[in-house]
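If you want the building blocks of each chain, they are given just below.
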Amino acid sequence: MGHIIAVSGKGGVGKTTLCGLLIQYLCETGKKPVLAVDADANANLNEVLGVEVGATLGELREEIERAGVDPKYKIPAGITKAAYLESRLANALTEEDDYDLMVMGRSQGQGCYCFVNGIVQSQVQKLQSHYPYIVVDNEAGMEHISRGLLPTMDSAILVSDCSRRGVQAAGRIARLMEELNFHPKKTGLIVNRAPQGKLDEGTLEEIKNQKLDLLGVVPQDDAVYRFDCEGRPTVQLPEDSPVREALKGIIEKLEL
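Residues numbered from 1 in each chain as written. Predicted model: local features only at pLDDT ≥ 70, side-chain atom pairs only at ≥ 80, totals over all residues. Heavy atoms only, no water.

*Asks:* Explanation requested: the sheet that holds strand β7 (residues 186-194) in the structure shown.
*Replies:* The pairing of strands in a sheet happens through backbone hydrogen bonds and is either parallel or antiparallel. Reading across from one edge, β3-β4-β2-β5-β1-β6-β7-β8 is the order of the eight strands in this open sheet, with mixed pairing throughout. In this open sheet, the two edge strands, each paired with only one partner strand, are β3 (93-95) and β8 (214-219). Along the sheet, successive strands turn relative to each other by an average axial angle of 20 degrees, direction set aside. As paired strands, β7 and β8 are joined by four bridges and run parallel to one another. By the bridge assignment, Ala 194 is partnered in β8 with Pro 219. (Pairing = 2+ DSSP bridges. Helix = DSSP H or I, 4+ residues; strand = E, 2+ residues; numbered from the N terminus. Axes fitted to C-alpha atoms, helices over the stretch in contact; angles between N-to-C directions.)

*Asks:* What am I meant to see in the pattern of salt bridges here?
*Replies:* Note on pairing: side chains with opposite charge can pair once their charged atoms come close. The final tally for this structure, using the stated rule, is five salt bridges. The closest approach of N and O atoms between Lys 186 and Asp 213, which form a salt bridge, is 2.9 Å. Pair noted here: Lys 186 is in strand β7 and Asp 213 is in the loop between α8 (201-209) and β8, with a separation of 27 residues, a long-range link. With a relative accessible area of 30%, Lys 186 lands in the partly exposed category. A salt bridge links Glu 230 to Arg 232; its shortest N-O distance comes to 3.2 Å. Where salt bridges share partners, they join Arg 164, Glu 205 and Glu 206 into one cluster. (Salt bridge = Lys/Arg side-chain N within 4 Å of Asp/Glu carboxyl O. Buried < 20%, exposed > 50% of the residue type's maximum accessible area, 1.4 Å probe, protein only.)

*Asks:* I tried to follow the pairing of strand β2 (residues 34-39) on my own but got confused; where do I start?
*Replies:* Among the six residues that make up β2, six are buried, leaving the element largely enclosed by the rest of the structure. Because side chains alternate across β2, one face comprises the buried residues Val 34, Ala 36 and Asp 38, and the other comprises Leu 35, Val 37 and Ala 39, equally buried. In this structure, β2 lies alongside strand β4 (residues 99-103), joined through five bridges in parallel fashion. From the neighbouring strand, Leu 35 faces β4, where its bridge partner is Asp 100. Where β2 meets strand β5 (residues 133-138), six bridges bridge the pair, whose relative direction is parallel. In the sheet register, Asp 38 faces β5, and the bridge partner there is Asp 137.

*Asks:* I would appreciate a short explanation of a negative patch on the surface in the present structure.
*Replies:* Taken together, the side chains of Glu 28, Glu 239, Asp 240 and Glu 245 present a region of like negative charge at the surface. Residue placement: Asp 240 occurs in the loop between α9 (222-229) and α10 (242-254). Residue Asp 240 is classed as exposed on the basis of its relative accessible area, which comes to 57%. (Patch = residues over 30% accessible without salt bridge, like charges linked within 9 Å, V, L, I, M, F, W, Y side chains within 5 Å. Areas by Shrake-Rupley, 256 points an atom, 1.4 Å probe, with all protein chains shown as cover. Lys, Arg positive; Asp, Glu negative; His and termini not counted. Charge placed at Lys NZ, Arg CZ, Asp CG, Glu CD.)

*Asks:* Please explain the pairing of strand β6 (residues 155-160) as it appears in this structure.
*Replies:* Every regular strand shows the same layout, with side chains that alternate between the two sheet faces. Counted residue by residue, β6 has six buried out of six residues, so it is predominantly covered. Side-chain alternation along β6 places Ser 155, Ile 157 and Val 159 on one buried face and Ala 156, Leu 158 and Ser 160 on a second face that is also buried. Judged from the five bridges that link them, strand β1 (residues 3-9) and β6 form a sheet pairing that is parallel. The residue of β6 that forms the bridge with Gly 9 is Val 159.

*Asks:* Looking at this structure, how should I read helix α7 (residues 164-179)?
*Replies:* Helical periodicity: at 3.6 residues per turn, an α-helix aligns residues three or four positions apart in one direction. Between its terminal C-alpha atoms α7 stretches 22 Å, which fits the 22 Å expected from 16 residues at 1.5 Å a residue. Of the positions making up α7, those classed as buried are Gly 166, Val 167, Ala 169, Ala 170, Gly 171, Ile 173, Ala 174, Leu 176 and Met 177. Backbone geometry just downstream of α7 places Asn 181 in the positive-phi region, at approximately 65 degrees. (Expected span 1.5 Å × (residues − 1).)

*Asks:* Would you mind showing me how to read the environment of Lys 211 here?
*Replies:* Locating Lys 211 in the fold gives a position in the loop between α8 and β8. Distance in space between the C-alpha atoms of Lys 211 and Ala 174 is 9.3 Å, their sequence separation being 37 residues.

*Asks:* Please clarify how helix α1 (residues 15-28) should be interpreted in this entry.
*Replies:* With 14 residues, α1 extends 20 Å between its outermost C-alpha atoms, agreeing within 8% with the 20 Å of an ideal straight helix rising 1.5 Å per residue. Burial analysis of α1 places 13 of its 14 residues in the buried class, which makes it a mostly covered element. After α1 finishes, the residue Gly 30 shows a positive phi value of roughly 85 degrees.

In structure tokens:
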């Protein structure tokens, strides 16, 4: 079965950027093909990776939900909704040379994401044996963890910025995983965007208070900001990028 790596943390800490670089690292070190899962309704992992997305799971949900009501959405005669959905799910994978990307996407209008979450869960279970590694970029916060979106997780990477609130959010996610009987082989914290790659005493104290295992620190790098402003994929950062170098050392500690 594929090794599932779940990346979580509060919003705005750089989870998706690190996810994209992690996926790239796995591919470049021969651990491919990788299944990349953007499990955030506000999806943008594809922008970090520099790929165009086809159908999202949220869009498929709309096809099924509105079939028979909106003439724009039609299910062929003689086929059930379940069978039609199964046939369409193949279109929800964006296939690249070294990885495939599955995007949750968002529903249109009113309604919860329970159905789409269920599709993500079932697809991960179905595809898990086809990939040596599955990297899941979870939405900000704790909802996907509490809903049991993933069948299991082998590595849980918690991401925070240098703020106490970010570290506290990571601690709450770690405790929730324990309450839900998730038992990853490795759970650890990455602190992102640290000035000069260093943490002050207050942040280190909060990490200790939250009983988190600090995997490493990724420095603040203006190049990441410039790439984002210019619409350039983060995975195109130069090889000597301090962000790349720091993340490489952290990933090696995980012994994936």
